[in-house]
Amino acid sequence: MIVVMKPGATQRQIDHVIERIEQLGLRSHVIVGTERTVVAALGEKRDGAKQALETGEAVEKVVPILAPYKMASTEVKQERTCVAARGLKVGGRRLGVIAGPCSVESRDQILELAHFVKEAGASGLRGGAFKPRTSPYSFQGLKEKGLQMLAEARQQTGLAVVTEVMAPEHVPLVARYADVLQVGARNMQNYPLLEAVGESELPVLLKRGPSATMDEFLLAAEYILKTGNTEVMLCERGIRTFEDHTRFTLPLATVPYLHQTTHLPVVVDPSHGTGKASLVAPMAVAAVAAGADGIIVEVHPDPEKALSDGFQALTPAAFRHMMADCRKVAAALGKMM
Ligand code: PEP
Ligand code: MN
């Protein structure tokens, strides 16, 4: 349920509502809006709770939250959430661009790319140090050494480091180096991991599972939000379909759909979404046109020699061209990039 306070409700009146919610065995979550404050009452349905809260001083109304994802829903919060990590801001008028290699491969590689993508207009640096690979024989990432290289790249460029964490027990280590924790597609429903990244209090980039519905995606986000961490970005990275001309199928209708159902910002990954370098830039442009709050793109100085996902990596020159095209579309929509 949401307890909507009257405009001008005092802190004492809000505190009283919080106390009543907690006495009813529910959790409270306060959202201070520009016009009014609302207090969400979360938990199992309780008989008589609505009536009990309605009588509170300065309570305008009590309405049920219909969506199964309570804190992620626009029913609870209409104002869009803007997630920020250093210069990376996702959810405002300026689009967030996160770029870099699939995997951190060497100090030279990540430093060179960091300077390049920064120059080209990115504000986040991606790069996996712990890599979820389909085959156990493939390159698994440089682990902590990779994280140290990312931290050095951040120190030189100021870019926000976005990197994947694969297991709850790795969260403290990865959080020491990262600005944003990425939860990969394969881990979208790893609930202990979602709780652990939530508790880290760092912003989280949550990737959609390749077979997850929108409700499952938003309920995964809800696990993070429930810890009290409200800094969650949703990332559409493509789903598994019968199509085989692309690695995954990138459904861009999820961008406006998510904007209607949640206040969380939406990032699109055209690299994994297509799996083909030649398709990445057009789909990045399409993502911007669909209203995405950000994009995450794989770039490699020499894609042929990449240790992972080289077939979908843009060369630095192709990335620069993609940025120029995206900027035109962003400007047409009144956004900056
Ligand atoms: C990645 O970003 O390199 C990655 C492994 O992505 P996903 O989890 O979407 O497959
Ligand atoms: Mn990759």
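To keep things clear, this report deals only with the structure shown in the data block. (Residues numbered from 1 in each chain as written. Chains lettered and ligands numbered in written order. Predicted model: local features only at pLDDT ≥ 70, side-chain atom pairs only at ≥ 80, totals over all residues. Heavy atoms only, no water.)

**Points about the coordination of the manganese ion (ligand 2)**
When a metal holds four donors in a tetrahedron, each ideal angle between them is 109.5 degrees; when it holds six in an octahedron, the ideal angles are 90 or 180 degrees.
Point 1. Surrounding the manganese ion (ligand 2) are the protein donor atoms Cys102 (SG), His272 (NE2), Glu298 (OE) and Asp309 (OD), which sit 2.1 to 2.4 Å from the metal.
Point 2. Site description for the manganese ion (ligand 2): donor spacing in sequence, C-x169-H-x25-E-x10-D. In this pair, histidine 272 sits in helix H9 (residues 270-274) while glutamate 298 sits in strand S14 (residues 294-298), placing the two residues 26 residues apart along the sequence. There is no split in this pair, since histidine 272 and glutamate 298 are both buried. (Donors = N, O, S within 2.8 Å, 3.2 Å for Na, K, Ca; no water. Helix = DSSP H or I, 4+ residues; strand = E, 2+ residues; numbered from the N terminus. Buried < 20%, exposed > 50% of the residue type's maximum accessible area, 1.4 Å probe, protein only.)

**A short note on the side chain of glutamate 105**
Point 1. Inspection of the secondary structure puts glutamate 105 in the loop between strand S7 (96-100) and helix H3 (107-119).
Point 2. In terms of polar contacts, glutamate 105 uses its side chain to reach the backbone amide nitrogen of leucine 307, at 2.7 Å. (Polar contact = N/O pair within 3.5 Å; in protein donor to acceptor, adjacent residues only side chain to side chain.)

**Regarding the site of ligand 1**
Point 1. Inspection of the region around ligand 1 gives 13 residues, with Arg126, Lys131, Ala185, Lys207 and Arg237 positioned closest.
Point 2. Taking glutamine 182, its side chain carries an N or O atom lying 3.0 Å from an oxygen atom of ligand 1.
Point 3. Take arginine 237: an N or O atom from its side chain is 2.7 Å from an oxygen atom of ligand 1.
Point 4. In the complex, the protein chains occlude 97% of the 290 Å² of accessible area that ligand 1 would expose alone.
Point 5. Taken together, the residues that form the shell around ligand 1 break down as 3 nonpolar, 3 polar and 7 charged. (Near = heavy atom within 4 Å. Areas by Shrake-Rupley, 256 points an atom, 1.4 Å probe, with all protein chains shown as cover. Nonpolar A, V, L, I, M, F, W, Y, C, P; charged D, E, K, R; others polar.)

**Focus on the side chain of glutamate 298**
Point 1. What makes glutamate 298 buried here is its relative accessible area of 1%.
Point 2. Within the local environment of glutamate 298, its side chain forms a polar contact with the side chain of arginine 126, the two groups lying 3.3 Å apart.
Point 3. A polar contact of 2.8 Å, which involves the side chain of glutamate 298, links it to the side chain of glutamine 312.
Point 4. With sequence-adjacent residues up to four places away left out, glutamate 298 is seen in contact with Gly100, Cys102, Arg126, Ser271, His272, Asp309, Gln312, Ala313 and Leu314. (Contact = heavy atoms within 4.5 Å.)

**Observations regarding the layout of surface pockets**
Point 1. Space inside the largest pocket adds up to approximately 650 Å³.
Point 2. What lines the largest pocket is a set of 26 residues, and nearest its centre among them are Ala41, Leu42, Gly43, Glu44 and Lys70.
Point 3. Broken down by secondary-structure element, the contributors of at least two residues to the lining of the largest pocket are strand S3 (37-42), helix H2 (49-54), helix H6 (191-200) and helix H7 (214-225).
Point 4. Its residues assigned to classes, the lining of the largest pocket comprises 11 nonpolar, 4 polar and 11 charged. (1 Å grid on protein atoms, 1.4 Å probe; cavity = no way out; pocket = protein on both sides within 12 Å on 5 of 7 lines; lining within 4 Å. Points joined across faces, edges and corners; volume = space filled by probe spheres on them.)

**Considering the pairing of S7**
For a regular strand, the rule is simple: side chains alternate between the two faces of the sheet.
Point 1. In terms of burial, S7 is a largely internal element, 5 of the 5 residues being buried.
Point 2. Along S7, one buried face is formed by Gly96, Ile98 and Gly100 and the opposite face, lined by Val97 and Ala99, is buried too.
Point 3. With 5 bridges joining them, S7 and S14 adopt parallel strand pairing. Opposite glycine 100, over in S14, you have glutamate 298 as the bridge partner.
Point 4. Relative to strand S8 (residues 124-126), S7 is paired through 2 bridges, and the arrangement is parallel. Bridge assignment links alanine 99 to a residue of S8, and that residue is leucine 125.
Point 5. On the question of chirality, the crossover connecting S7 to the parallel S8 by way of H3 is right-handed. (Pairing = 2+ DSSP bridges. Right-handed = clockwise from strand over helix to strand, strands pointing away.)

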